[in-house]
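What follows is the residue order along each chain.
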Amino acid sequence: MALRTLASRKTLAAAARPLAAAAVARGVTTVALPDLPYDYGALEPAISGEIMRLHHQKHHATYVANYNKALEQLDAAVAKGDAPAVVHLQSAIKFNGGGHVNHSIFWNNLKPISEGGGEPPHAKLGWAIDEDFGSFEALVKKMSAEGAALQGSGWVWLALDKEAKKLSVETTANQDPLVTKGANLVPLLGIDVWEHAYYLQYKNVRPDYLSNIWKVMNWKYAGEVYENATA
Amino acid sequence: MAAFASALRVLPSPPAAVPRRLRSDALEPYISKRTVELHWGKHQQDYVDSLNKQLATSMFYGYTLEELIKEAYNNGNPLPEYNNAAQVWNHHFFWESMQPEGGGSPGQGVLQQIEKDFGSFTNFREEFIRSALSLLGSGWVWLVLKRKERKFSVVHTQNAISPLALGDINTSIPSINLCDDIPCPLLLQPLINLDLWEHAYYLDYKDDRRMYVTNFIDHLVSWDTVTLRMMRAEAFVNLGEPNIPVA
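Given the structure is predicted, the values throughout are model-derived calculations rather than measurements. Residue numbers restart at each chain and count upward from 1, following the sequence in its written direction. Chains and ligands are labelled by the order in which they are written, letters from A for the one and numbers from 1 for the other. For a predicted model such as this one, the threshold for reporting local features is a pLDDT of at least 70, and the threshold for listing and counting side-chain atom pairs is 80 or more; totals across whole chains, interfaces and linings nevertheless cover every residue. As a rule here, side-chain values cover all heavy atoms of the structure and leave hydrogens and water aside.

Trainee: Provide a residue-level description of the sheet that holds strand β2 (residues 166-173) of chain A, including the pertinent values.
Mentor: Residue and element names in this part refer to chain A. Paired strands, as defined in this entry, are two strands with at least two bridges between them according to DSSP. A run of H or I in DSSP becomes a helix once it reaches four residues, and a run of E becomes a strand once it reaches two; helices and strands are each numbered from the N terminus. One open sheet holds the three strands; their spatial order is β2-β1-β3, and the pairing between them is antiparallel. Only two strands of the sheet have a single neighbouring strand rather than two, namely β2 and β3 (185-192). Shown here is a sheet whose adjacent strand axes are inclined to one another by a mean of 25°, direction ignored. Alignment of strand β1 (residues 154-161) against β3, held across seven bridges, turns out to be antiparallel. Within β3, the residue paired with Leu158 across the bridge is Leu189. Against the sheet, helix α10 (residues 219-230) makes contact with β1, β2 and β3, and its axis sits at roughly 165° relative to β3, the strand it touches most. Lines are fitted to the C-alpha atoms to define the axes, a helix being fitted only along its stretch in contact, and any angle between axes, read from their N-to-C directions, falls within 0 to 180 degrees. By definition in these notes, contact holds between two residues if any of their heavy atoms fall within 4.5 Å.

Trainee: Any details on the pattern of salt bridges? Residues and values, ideally.
Mentor: Criterion for a salt bridge: a side-chain nitrogen of Lys or Arg within 4 Å of a carboxyl oxygen of Asp or Glu. If you walk through the whole model with that rule in mind, you get 10 salt bridges over all chains. Residue Lys94(A) is joined to Asp176(A) by a salt bridge in which the shortest nitrogen-to-oxygen separation is 3.8 Å. With Lys94(A) in helix α5 (residues 90-109) and Asp176(A) in the loop between β2 and β3, this residue pair connects regions lying 82 residues apart in the sequence. Between buried and exposed lies partly exposed: a residue is buried under 20% and exposed over 50% of the maximum accessible area for its type, with that area taken using a 1.4 Å probe on protein chains only. On the accessibility criterion, Lys94(A) (42% relative accessible area) is partly exposed. Residues Lys33(B) and Glu37(B) are paired through a salt bridge, measuring 2.9 Å at the closest nitrogen-oxygen approach. Highlighted residues: Lys33(B) and Glu37(B), both in helix α1 (residues 33-55), separated by four residues, approximately one helical turn. Under the relative-accessibility criterion, Glu37(B) is labelled partly exposed at 28%.

Such coordinate-based values are descriptive only and should not be taken to indicate function.
See the structure below:
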């Protein structure tokens, strides 16, 4: 399972652990930047190594740092009973916490072609996609179109409503995680349509990014999440 | 070298603010030629083309761009034309907010107003940078004149949102509600805007939005343009109620 792959390679995360442990002692569990389960250049030519490096080392790392900072501030505000400060911190927590959640999913959604990236979903998820969207191609078309039409920065998701057992395509603004659209929604796949995710390579042509990203999509991961959530 | 000619040929009512004829390398080294070519030639052009396509079958055909933005904002439930129209206007306003060898200190009238409303130019500069960095996602940071209070204010807006369509930006009350049926003057007069979409700076600055914003305010902002915009705004304010002599 994908989490195991991640665990075996998370040297960076391990390095950050003493810091997290120290924070636990004070009552706050901070998060750490996860390692990528592949090299920065491994998704080329679909996504360049430079984009992957900046995206992971700069953007995701900043969300992690700012989320941890907000958590510590929240902890202090809660301890003091400072309600206005607690409320004020919500937007930083949603944005930076969402940024961490979303990117952590995103890295697992991608896979080098040599390791099976781009292979369409099989088994239960494959059947569910046919049932809910008509065909795999129809789903890809729908997600690409909704991603291209999204105004500003945000994400396009393949979501599972775990109670209705139904798949849907959702979009969220900025770094809002999928859970902001409903507690029942489980993210199977998220595509980052912030300009930082593609601009160095694709410039203003977001549709080309959205057509190429399917070549490195990790459907195996999505299928595992689906089966766990519907089991 | 191709200049910044008007990209708005097809619009029924071209807006007043057509970019100066400016070479695409005129803002180097702070904004690269490549960024200008893409930003102006692709992103802005896409908004122009999409708007023109919409206007071919739209009830808004023949509106001025400003009218169109206010109407299509639709009290915060934007109609399909809003996004393209506001982004066309925002980008024009942005190019005109800069000049080569800009930055430095504002002219006397503008500087006095800044000192009155922010305490000092340094405070204003810091407030502008702070506001730009605290925008989460894509959008714009603005210096606006609040007409009713006759006060400068720094605000940021998400995505395509324009102060033109907003009454008081803090409460998001559309100006149209505040004026009932009388012709409503602009409540927030934009004086400067800076594009904070990643496409505006990513090729030159990557994730370093702070450096981009700092360079804008220190080296690119056109205080000459701000002075002109202030004068126009003041002329409008001073007009006030018509004073008709009694016969």
